[in-house]
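Tertiary structure, described
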Amino acid sequence: MKLKDCKYLFLDRDGVINVRKMGGYILSYDEFHFIEGVKEAFKIFNTCFDKIFIITNQQGIGKGLMSEEDFSIVSKKMIEEIESNGGRIDKIYHCPALKEEKSKMRKPEIGMGLKAKEDYNEIDFNKSIMVGDSMSDMLFGKGLLMKNVFINNHTETNIDNKIIDKEFNSLIEFAKYIENEKKYN
Ligand SMILES: [Mg+2]
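Reading the values: rules and limits
Residues numbered from 1 in each chain as written. Predicted model: local features only at pLDDT ≥ 70, side-chain atom pairs only at ≥ 80, totals over all residues. Heavy atoms only, no water. Donors = N, O, S within 2.8 Å, 3.2 Å for Na, K, Ca; no water. Buried < 20%, exposed > 50% of the residue type's maximum accessible area, 1.4 Å probe, protein only. Pairing = 2+ DSSP bridges. Helix = DSSP H or I, 4+ residues; strand = E, 2+ residues; numbered from the N terminus. Axes fitted to C-alpha atoms, helices over the stretch in contact; angles between N-to-C directions. Contact = heavy atoms within 4.5 Å. Disulfide = S-S within 2.5 Å. Parallel < 35°, antiparallel > 145°, perpendicular 65-115°, else oblique. Left-handed = near helix turned anticlockwise from the far one by under 90°. Nonpolar A, V, L, I, M, F, W, Y, C, P; charged D, E, K, R; others polar.

**Considering the coordination of the magnesium ion**
At 2.1 to 2.2 Å from the magnesium ion lie its protein donor atoms, namely Asp12 (OD), Asp14 (O) and Asp133 (OD). Each donor residue of the magnesium ion belongs to the same chain, and together they define the spacing D-x1-D-x118-D. Neither Asp12 nor Asp14 differs from the other in exposure class; each is buried.

See below:
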């Protein structure tokens, strides 16, 4: 399966959609800043993919630094902003568990992907792409036999090229690539 034949898009959030807060968590929308080109990227994805999901670890909730409600307010505002720019997110899956809990729902485990498949039976992981900026995202994608797109924002220090299918510097670069591939190939 080639990237251009994929119909389902799974995206990590922090570091892919919004600027990562190093060593911290996005506790409110004031701290949520779209990376340049991301809104345009979602507009492109809207025409390229049947379903678009966010898959995000949010252990700031498990640590008690933010509530489920805080997270859902950020999500709602992010979706509104993306939609008003011609984009779409079908569903956001998040895992509040702490790393130490070893939850099957927390990336690199595949639980959130399996939950998405439960909710949307049409998902075919062989026709799915996982986009992320960490090896945890790439392990999640490979665990489900997806294609892996790595966004290299230079925060990941242990890059394993064996589990990366394609690498870009930003989400908009990937969006333009996939748009072009789908159009002309
Ligand atoms: Mg990330």
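Text resumes after the structure shown.
**Brief notes about the sheet that holds strand β1 (residues 8-11)**
Reading across from one edge, β3-β2-β1-β4-β5-β6 is the order of the 6 strands in this open sheet, with parallel pairing throughout. Of all strands in the sheet, those with a lone pairing partner are β3 (91-95) and β6 (166-168), marking the two edges. Direction aside, neighbouring strands of the sheet carry axes that sit 20° apart on average. Across the sheet, helix α5 (residues 135-143) lies against β2 (51-57), β4 (128-132) and β5 (147-151), angled at about 170° from β5, the strand it touches most.

**Topic: the state of the cysteines**
The final tally for this structure, using the stated rule, is 0 disulfides. With no disulfide partner, Cys6 has as its closest neighbouring cysteine sulfur the one in Cys48, 12 Å distant.

**Quick notes on the packing of helix α1 (residues 38-48) against helix α6 (residues 171-184)**
Packed helix pairs are specified by the crossing angle of their axes together with the interaxial distance, meaning the distance between the axes. As a packed pair, α1 and α6 sit with axes 8 Å apart at the nearest point and diverge in direction by 30°. One element, α1, and the other, α6, form an angle in the roughly parallel class. Seen from above, α1 lies across α6 with left-handed handedness. Taking contact as the criterion, the partners of Val38, Glu40, Ala41, Phe42, Ile44, Phe45 and Cys48 in α1 are, on α6, Leu171, Ile172, Phe174, Ala175, Lys176, Ile178, Glu179 and Lys182. A class-by-class count of the residues in the contact of α1 with α6 yields 11 nonpolar, no polar and 4 charged.

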